[in-house]
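An overview of the molecular structure
Take a look at the letters that make up each chain.
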Amino acid sequence: MRHEVNPAQEEENGLKLAKRLTRLGTETAFDVLVKAKALEAAGKEIIHLEIGEPDFPTPINVIRAATEALQSGYTHYCAPAGLQELRESLASEVSHTRGVQISSDWIVVTPGAKPIMFYLILALVEEGDEVIYPNPGFPIYESMINFVGGTPIALPLREEYQFRFDVKDLIARVTARTKLIIINSPQNPTGGLLTRSDIEAIAEIAIQRDITVLSDEIYSRIIYEGSHTSIASLPGMLERTVILDGFSKTYAMTGWRLGFGVLPPFLHGHISKLVTNSVSCTAPFAQRAGLEALANTRSDVSSMVDEFRRRRDFVVQKLNDIPGIRCLSPAGAFYVFPNIKSFGRQSSEFADYLLNEAGVAVLSGTSFGEYGEGYLRISYANSIENLDKAIHRIREATAGL
Ligand code: PLP
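What counts, and at which threshold
- The written sequence of each chain sets the order in which its residues are numbered from 1.
- Predicted model: local features are reported for residues with pLDDT of at least 70 only, side-chain atom pairs are reported and counted for 80 or more only, and whole-chain, interface and lining totals are derived from all residues.
- Excluded from the side-chain calculations are hydrogens and water; all other atoms, namely the structure's heavy atoms, are used.
- pLDDT is a per-residue confidence score from the predictor, ranging from 0 to 100.
- Contacts are residue-level and defined by heavy atoms, with any inter-residue pair within 4.5 Å sufficient.
- Definition of nonpolar core: a set of buried residues of the types Ala, Val, Leu, Ile, Met, Phe, Trp, Tyr and Cys, connected through side-chain atoms within 4.5 Å.
- Exposed residues in this analysis have more than 50% of their type's maximum accessible area, buried residues have under 20%, and partly exposed residues fall in between, with area computed by a 1.4 Å probe over protein chains only.
- Under the DSSP-based scheme used, a helix requires at least four consecutive residues in state H or I and a strand at least two consecutive residues in state E, with every element numbered from the N terminus.
- Start and end points for every domain follow an automatic or database-based domain assignment.
- Summed over both partners, the accessible surface that disappears when two parts come together, traced with a 1.4 Å probe, is what is meant by buried area.
- By definition here, a salt bridge exists when the distance from a side-chain nitrogen of Lys or Arg to a carboxyl oxygen of Asp or Glu is within 4 Å.
- Each polar contact in these results corresponds to two N or O atoms within 3.5 Å; when the atoms are within protein, one needs to be able to donate a hydrogen and the other to accept it, and residues that are neighboring in sequence are counted only if both atoms are side-chain atoms.
- We call Asp, Glu, Lys and Arg charged. Ala, Val, Leu, Ile, Met, Phe, Trp, Tyr, Cys and Pro are nonpolar, and the rest, Gly among them, are polar.
- Orientation is described by lines fitted to C-alpha atoms, with helices fitted over the stretch in contact, and by angles between N-to-C directions that extend from 0 to 180 degrees.
- Relative orientations are named as follows: roughly parallel for angles under 35 degrees, roughly antiparallel for angles over 145 degrees, roughly perpendicular for angles from 65 to 115 degrees, and oblique for any other angle.
- Rotating anticlockwise by less than a right angle from the far helix to the near helix defines a left-handed crossing, while the corresponding clockwise rotation defines a right-handed one.

Okay, the confidence of the model for the protein next. Put simply, the protein has an average pLDDT of 95, and 97% of its residues get 70 or more. Predicted confidence is poor over residues 1–5, with pLDDT under 50, and the contacts of this stretch with residues over four places away or in other chains come to 1 contact.

Printed below as a string of structure tokens:
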């Protein structure tokens, strides 16, 4: 039965709640998942292309490492910043892959990478401070900026630039109040990859204007063309960059909740203190599993990336064959962001239509901000058979539009 809301009751509850809650956004992928599950419960067969997680199992040696850790006593609290052995291993991995020199003192381990966003924005952004963030982009950036009373300044990512930004747009958005610039490459939702010259343009502004950069590098191991340049590796940037990364995507470990931040000294102690105040620490047996993932999964990761590449090529070609749809081939992550403007419908309406009529769950581009209008996000973390079936259904459902 539908729960009827009594307006008077709601107003009273509203008065009890902190005002900041009205500014908190969400991730609609989870809402679409709920809708899709309800349709499934009613007997409809749904193909899930909405959720951003690898469909591969976590490598077996990683599972074994966690089991052994559980049996050998990694079942109690540990240091808020993480187990020392994992922090050391992460410091050497980050130094090697990003071309920087950092020690374990820079690492804070968290339950997933998302808390790093949360903590950093909480630690840096005061009311009225401006934060430049990618749009379309991961929705939690804008949500968190609003939540703490900051002003989100959308930096449009444009299809004509392979979903990178125009440097003129960036320059036009920087003011005396800009506190933080957020970048994400390869990117969710478009799969776009920033080039070295894009990163250099951001670094130049950040240094000139004394701005901190949050570099979300969660997809940096999932790249098909080109290479990843971490902004932290550019001269003068290490001390003003926070790298956010984690195990969810690279090692198919979304449910383990294991991520980390690389934090310059001016932030490290404060972010650790936020960990102490919120979650105390990250589950130590999950951290032991992370240690194994870093050491012994090279071939699992490379076969996962090869399989994603095969699916990307398949999906891009098949989508472009559908009249009215145009789809760029993304350089990284596991999403495509097809243009559906020719159908003349709003993206959210179009996504609902595909769910209800075709049984294909995808996300509206606007789930990632206003510049996502006219696009859909499709995750190709699903089997070729399901992708084929889904695209066939999309073709049929759009034929009459
Ligand atoms: N950053 C981006 C761009 C993401 O897409 C995600 C997950 O979807 C995250 C961060 C958070 O990942 P997790 O908290 O699972 O480590």
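Next, the rest of the story.
This part takes up the nonpolar core. Within the largest apolar cluster, 93 residues are counted, with the highest numbers of intra-cluster contacts made by Ile 102, Leu 180, Ile 182, Phe 247, Leu 319 and Phe 334. Here the element with the most residues in this core is helix 11 (residues 298–320); it accounts for 7 residues. Leu 155, Ala 206, Ile 231 and Leu 234 belong to the second largest nonpolar core, which has 20 residues in total.

Across the junction of Ser 185 and Pro 186, the peptide omega takes the value -10 degrees, indicating a cis bond. By the element assignment, Pro 186 lies in the loop between strand 5 (178–184) and helix 8 (196–209). Look at the link from Asn 188 to Pro 189: it is a cis peptide, with omega at 20 degrees. Structurally, Pro 189 is set in the loop between strand 5 and helix 8. Even without a glycine there, the phi angle at Phe 163 is positive, about 60 degrees. Mapping Phe 163 onto the fold places it in the loop between strand 4 (151–156) and helix 7 (167–173).

Here we come to the domain arrangement of the protein. According to the domain assignment, the protein contains domain 1 (7–57 + 299–398) and domain 2 (72–296). For domain 1 versus domain 2, the distance between C-alpha centres works out to 24 Å. At the junction of the two partners, domain 1 supplies 40 residues and domain 2 supplies 38 residues. The junction of domain 1 with domain 2 conceals about 3,300 Å² of combined surface from both sides, 59% of it contributed by carbon and sulfur atoms. On the surface where domain 1 and domain 2 come into contact, there are 3 salt bridges. Across the pair Arg 326 and Glu 159 runs a salt bridge, and its minimum N-O distance is 3.0 Å. On the surface where domain 1 and domain 2 come into contact, there are 22 residue pairs in polar contact (both at pLDDT 80 or more). Elements with a minimum of two residues in the side of domain 1 that touches domain 2: helix 11 and strand 9 (335–336). In terms of residue class, the side of domain 1 that touches domain 2 is built from 22 nonpolar, 8 polar and 10 charged.

Relative orientation of the contacting elements helix 11 and helix 13 (residues 384–399) amounts to 15 degrees, with a least axis distance of 11 Å. For the element pair helix 11 / helix 13, the angle class is roughly parallel. The hand of the helix 11/helix 13 crossing is right-handed. On helix 13, the residues that touch Glu 307, Arg 310, Arg 311, Phe 314, Val 315, Lys 318 and Leu 319 of helix 11 are Ile 384, Leu 387, Asp 388 and Ile 391.

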